[in-house]
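Listed below are the residues making up each chain.
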Amino acid sequence: MSRKVIGGPTGTGRDPNAKLLRVVDIKTHFRTEKGTVRAVDGVSFTLDRGRTLGVVGESGSGKTILSRSIMGLLPKRNVVRQGHVYYEGTDIIGLPDEEMRHVWGSEMAMVFQDPMTSLNPVKKIGKQITESLFLHLHMDKQDAHDTALALLSSVGIPEPEQRLNEYPHQLSGGMRQRVVIAIALACGPKLLFADEPTTALDVTVQAQILNLLQQLQRERHMAMILVTHDLGVVAGRTDEIAVMYAGKVVEHAPTPVLFSNMKMPYTEALLSSIPKLDYPSHTRLEVIPGRPPDLINPPRGCRFAPRCKYAQERCLNEEPPLIAAETPGHMFRCWFPVGSPEGEEALSRNLAAGASASGVPVTDVPMPASLAGRS
Amino acid sequence: MPEPSHRGAPVDAPGISSRPEIDAPAGGAREMLELTQLADREVEELQALHTLDPDQVPADAVKKRLGPLFWFAAGWFLLIVVLALAAPLMERAGFLPDPTKAVKCANPPCSKLGILKQGYLLGTDNLSRDIFSRIVWGARVSLLVGFSSIFFGLVLGGAIGVIAGFFKGKLETVLMALTDMFLAFPAILLALAIITFASTSNPGEEPRLSRQVAVILALTIVSVPPIARLVRASTLVFAQREFVLAARTLGASNLRIMVKEIVPNVLPPIFAFGIIGVAIAITAEGALAFLGLSLQPPNPTWGGMINDGQKFYLDAPHMVLVPCAVLFLTVLSLNLAGDRLREYFDIKESVL
Amino acid sequence: MRFVWRKFAQLIVVVLAVTFLSYLMLSLLPGDLAQVKCGISCDQQSLERTREELGLNQPIPLRYVKWLGKAVTGDLGKSGTNQQPITEALQQRLPTTIKLLVFSQLIALAIAVPAAVIAAQRAGGIFDRISTTLAFAGLSAPAYVVAPVLVYLFAVRLKWFPATGTEGLKSFVLPSVTLALAEMAAYLRLLRSDLISTLQEDYITMAKAKGLSPREVMIKHAFRPSTFSLVTVMGLNAGRLLGGTLIIEVIFALNGIGSYIVQGIFSRDYFAVQAGVVVVAVGYVLINFAVDMLYAALDPRIRHARAIA
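My aim in this report is to walk through the structure given alongside it, one point at a time. Note that the structure is predicted; figures quoted are calculated from it, not measured.

All names here are of chain A. Spatial strand order, E6-E7-E8-E3-E9-E10-E12-E11: eight strands in an open sheet with mixed pairing. The sheet is open, and its two borders are formed by strand E6 (108–111) and strand E11 (323–324), each paired with just one other strand. Bridging between strand E7 (residues 191–195) and strand E8 (residues 223–228) involves five bridges; their strand directions are parallel. When the bridges of E8 are listed, Phe-193 appears paired with Ile-225.

Okay, structure coming up:
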C-alpha cells in the first residue's frame, strides 16, 4: 500500500512542528430538495497535540456534522464542503477518500454516539478490533490478537480473552462503548473525535466512560475533540470550549474563562438549563424557549435572537461578528454580551417591556417551587 | 407464477429489527433515500424541524410529483381501457372485424401491416383472424377479470382484514392462520383447482358456472389472503389512533367505528396496492388462459393468443410476440402506476 | 439441539395438518371420482361397487388414517386413473422440479447479488437507475410471456438450446432462465434496498472511519447483515416453486410435480393430488427449516436467542 502525501507517521508533506489541527472557516452545506441546509457555516479553531476541545450545542446546532466534516466522513453527493482543514500543516479538505483512508483509523479516529449501533452486530469483537491493526500496522495474526487483548484490558474490560470471541449483543452498553473506544485507539491515533460518547449510556456509566477517555488521552498524549450537548460533561475535561449555535461558533474560550466570564446569552441559557447539585430541590430549570432555527432559511441578524431574552432591534437585523473579549482566546458573537453594561441595559429594558424585541416573554420572577414541580 | 415480490412475503425474522417495507421504492422515493443517506440524526432533525415550519417552505418545493413515467403508464393503460370499452362500437362502425371470424388474407397467417379499416393493423393469425381485433376483445376479458376479481377480493379480504385487525385476540389468530395456510399453497394450483371444480361437471350435467365467472371466482379467492393480511396490518396501526379512541368514548358501536373511522383511513394505501393487484390478476388470468382454462376458443384472450402463437414461431412470430408485448406493457403500466401511487400516498400519510 | 427437535416436531404437526386439510377439502369438493372412473353409462350398482373399491364409502377421518398409515411407509397408493403407483410417478418427476428450482435460484442469485451490490454502492447513479428499472420490468413479465420470447430467440432463431425436453443440462437452460428472471428482479430490489439501509448504519461509518475501502466496507461489513430478508423471500419462493412451476413445465414439456398435480385435478384423481400436495407441503416445511438454520448462521443474535430459549 503506497502512502502518498500524508501517509503514515513518516509520511512526507506534513510538518510535525505545525499545529496538529487548524480548521479555517469550514462550511458544510447539504443540498436537499427543500433547499440548502447550512449545517456548518464558517467555523475556525486550532487544536494542539494532547489538548482537548469541547464542542457544545443543542441537537441541530451542527456539532456532529462539524466533527464528521473535519474528518471527511460525510458522503460526497449533495454535500458541499468548503474551507480548510490543516492536519499537521497539510490541507486535507480536498483529498480523495483513497488518500484519507490512510489517515482514518491510524491518525484520526472517532468514537460514535450510540454503541448499540456503532458495532457490527454480526462480527466478533476481536475481528472488529484487529481489522484496523492488519490494515494500518500490517500486524500478523498473533501480534494483532495480543494487541487487541491489551487494548481491551486498557479500556477496562474484564476477561478480555473471552470477549474477543463474543458478539456485540452479548455486552452491555457501557462495555460496548469501551470496545468502540478500543477500536478507535487501536492504531494510536493523534486525534480522537468523541461524538456525544455518553449520551446513549446510563448515567452511572457516563462518568466512567468520560474518565476513561480522559485517562487514555493523557497516557497517549492524544488530542481530542469532545462533542456534547451537555456543558457539564466538558466542564472539567477540556482545555477549551466552542459553543455552537445554528452552524456557527457563537462563543469560544478557554474552559475556566467560559464558565467564569461567559459573554454569550446562549451559553448562559445552556448553563442554566443544567441541573446542579447545590440547587434546592424543585428548583425550576430554565428552559431555552423555542427551537433551534431552520438552517435552510436562517433568521436574519443574530441567529439566536428569536430565542434570546437580551434581544434588541439590532439583533434581529444585524448579524454580530466574532468579537474578541478582554481575555486572550475568548471570542463571542453578541451585540449585548452578558455582564457588559450594554447587556445589562438590554436585559432590563426587555424586563420592563415584559418581552424581548423578538417577542420572547422575559420575566424576573421565578416560579414558586411548588408550582414548578408540576409544570 | 412468477411474481414473488408482489405477494408481500412477511420478513419478520425473530430478533432482527424488522424493516417496515420490503419492497424498495423503485425510483421516486430516491430523493428521500438520498436525504437519509447523507444525514446523520442531525440533518434529519433539521428536516423534521423544517417540515414543522411550513410557512418557511415554498409550496411548490414540497409538492410531490408523480413523474412522467406515471403519466406514460397511465396513458397506455387508458388507451387499452378505451379500446376495450369501444370495441362493440368500433365493430358496429366497421372498424373492427369479428375477432372469431377470418378476414381476407390470401395465405394465413398474414403478418403485413395494413390499414385500420378492415383490420390487419397487427396482421392476422393462422386462421386469418385479425390480431388487432383479437387483442382489443381480449383486453375486455383481461380487464373484466382483473378488476372484478380484485374488487371482490378487496371487499372480502378487506372485511376479514379489518375484523381481524380490529378485534384481535383469538379471532385474529384463527383468521390469520387460515390465510397462512392458503398462502403456503401455490396460488396457480389453487386457482386451477377452483376453476376445474366450479366450472366443469359430472358427465351429462350442466356446468355449474360459466368459465368467465369461474375464473373471477378463483382469482377472488386467491387474492383474499394477501389482501386480508395487508388490510389487517394497516388496521392495526389505525385502531390505536386517538380518533378511534375518541369515537369509542363518544359511544360509537364497533361497526360504526370500523366503517366510519378505520375504513376511510385504510382505503387510500390499499387502493394503490389494489392497482398492483389488478396487474397480478391480469397476469394470472393470462396464465389460466394460456393453460386453456379461461374463456373458451374461439373467443380471444391474451393468454390464449400467446399459447396459439407458440405453434407458429417460424412462419409468424408476430402471432406470439404481439400479445406478449401488449400483456407485458399493460401489466408494467399498472405496476408502475401502482408503485408511484403507493409512494405518493405514503408521503401524504407521513404529513398527516 | 433442542431447537432442532422443536423445529422437527413443528414440521410433523404442519405436515399432518396440511395433509388432513387437503384430504378433507378434496373429499368434500364436488365431482365424484367413482363417477369418473365408472364412466357415463354407469348404473347405480356398479357405481356403488366402484366406491367400495376406492374406499370412498368409509368416513373421511378413517380414510385419512388409513391413507396416512400407508403413506409413512412410502406407499402413497395407486393413481385412481391409470393404476401407476404414485410414489413411482413422483420419484420420476421430483428430480425435474428440483433441478428447475435449484438452477433458477442459482441464476437469479448469480445476477441479482452483484447487481444489487453495485447498485447500492452508488444508489441513485446510472447503474442503479437502469438496474432497478429493468428489475421492475422483469417483475411485470410473467413466465408465459418471457418463455415464448426466449424460445423464439434462442431456440428458434439462434438454435442454441432445445425448446423442450429434459435431456441434458442444456434443455434446462431456457426454463431455468425464464423462471429466474422474475426471481432475479425481486431479489435485486430486495437486496438493494436492504443494502442501502444497512449502509446508513453507524457501524458502516465506523468501518469507513477505520480506513477500510468502500469494497471492504461492503463485503466485510454491509453484505451479511443485509441478507436476512433475501433469505426469507428465497425460502418462500423456493417453497412455492415446488408446485408452482406449472406454466414452465407446460411450455417446455417438462414433467414435474406441478403438472402432476394438475393432471390429478383434471382427472379428479384425489390420490395423486393428495400425494402431490404432501410433497409440496413437506418440501415447503423443509425449506423453511433450512432457512431458519441459515438465519442462525447469518445472525449471531438469533443463534444466542435460541441457545437461551
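The next subject is the interface of chain C and chain A. Opposite the 26 residues of chain C that make contact, chain A presents 29 residues. Buried surface at the junction of chain C and chain A, summed over both partners, amounts to about 2400 Å²; 58% is from carbon and sulfur atoms. It is Met-206, Lys-208 and Lys-210 of chain C in chain C that bury the most area against chain A; as a group they hold 28% of the surface buried on that side. At the junction of chain C with chain A, the criterion picks out one salt bridge. A salt bridge links Lys-210 of chain C to Glu-131 of chain A; the shortest N-O distance between them is 2.8 Å. On inspection of chain C and its partner chain A, the count reaches 11 residue pairs in polar contact (both at pLDDT 80 or more). For the side of chain C that touches chain A, the secondary structure elements donating two or more residues are helix H9 (202–209), helix H10 (214–222) and helix H15 (300–308) of chain C. In the side of chain C that touches chain A, the residues fall into 10 nonpolar, six polar and 10 charged.

With that out of the way, let us pick up a nonpolar patch on the surface. A cluster of nonpolar side chains, Leu-209, Val-213, Leu-217 and Ile-221 of chain B, forms an exposed patch at the surface whose accessible area comes to about 270 Å². As for its position among the elements, Val-213 of chain B is in helix H8 (residues 211–239).

The next thing to look at is the pairing of strand E4 (residues 79–87) of chain A. Residues and elements named next belong to chain A. Inspection of the sheet shows strand E1 (residues 21–32) paired to E4 by eight bridges, in the antiparallel sense. Across the sheet, Lys-27 pairs through a bridge with Gln-82, a residue of E4. Between E4 and strand E5 (residues 90–91), which pair antiparallel one after the other, the connecting turn spans two residues, and Glu-88 there sits at a positive phi close to 45°.

We now examine unusual backbone geometry. All names here are of chain A. Backbone geometry at Glu-159 places phi at a positive 50°, although glycine is not the residue there. The topology assignment puts Glu-159 in the loop between helix H4 (141–154) and helix H5 (160–163). Despite not being glycine, His-221 shows a phi value in the positive range, around 50°. You can see His-221 is positioned in the loop between helix H7 (203–220) and E8.

For the rest of this paragraph, the subject is the packing of helix H5 (residues 131–167) of chain B against H8 of chain B. All names here are of chain B. One can describe the packing of H5 onto H8 by two numbers: an axis separation of 5 Å at closest approach and a directional angle of 40°. The interaxial crossing formed by H5 with H8 has right-handed handedness. Residue composition of the contact of H5 with H8, grouped by class: 20 nonpolar, 11 polar and one charged.

Procedures and definitions
- Residues numbered from 1 in each chain as written.
- Chains lettered and ligands numbered in written order.
- Predicted model: local features only at pLDDT ≥ 70, side-chain atom pairs only at ≥ 80, totals over all residues.
- Heavy atoms only, no water.
- Pairing = 2+ DSSP bridges.
- Helix = DSSP H or I, 4+ residues; strand = E, 2+ residues; numbered from the N terminus.
- Contact = heavy atoms within 4.5 Å.
- Buried area = accessible area lost by both parts, 1.4 Å probe.
- Salt bridge = Lys/Arg side-chain N within 4 Å of Asp/Glu carboxyl O.
- Polar contact = N/O pair within 3.5 Å; in protein donor to acceptor, adjacent residues only side chain to side chain.
- Nonpolar A, V, L, I, M, F, W, Y, C, P; charged D, E, K, R; others polar.
- Patch = residues over 30% accessible without salt bridge, like charges linked within 9 Å, V, L, I, M, F, W, Y side chains within 5 Å.
- Areas by Shrake-Rupley, 256 points an atom, 1.4 Å probe, with all protein chains shown as cover.
- Axes fitted to C-alpha atoms, helices over the stretch in contact; angles between N-to-C directions.
- Left-handed = near helix turned anticlockwise from the far one by under 90°.

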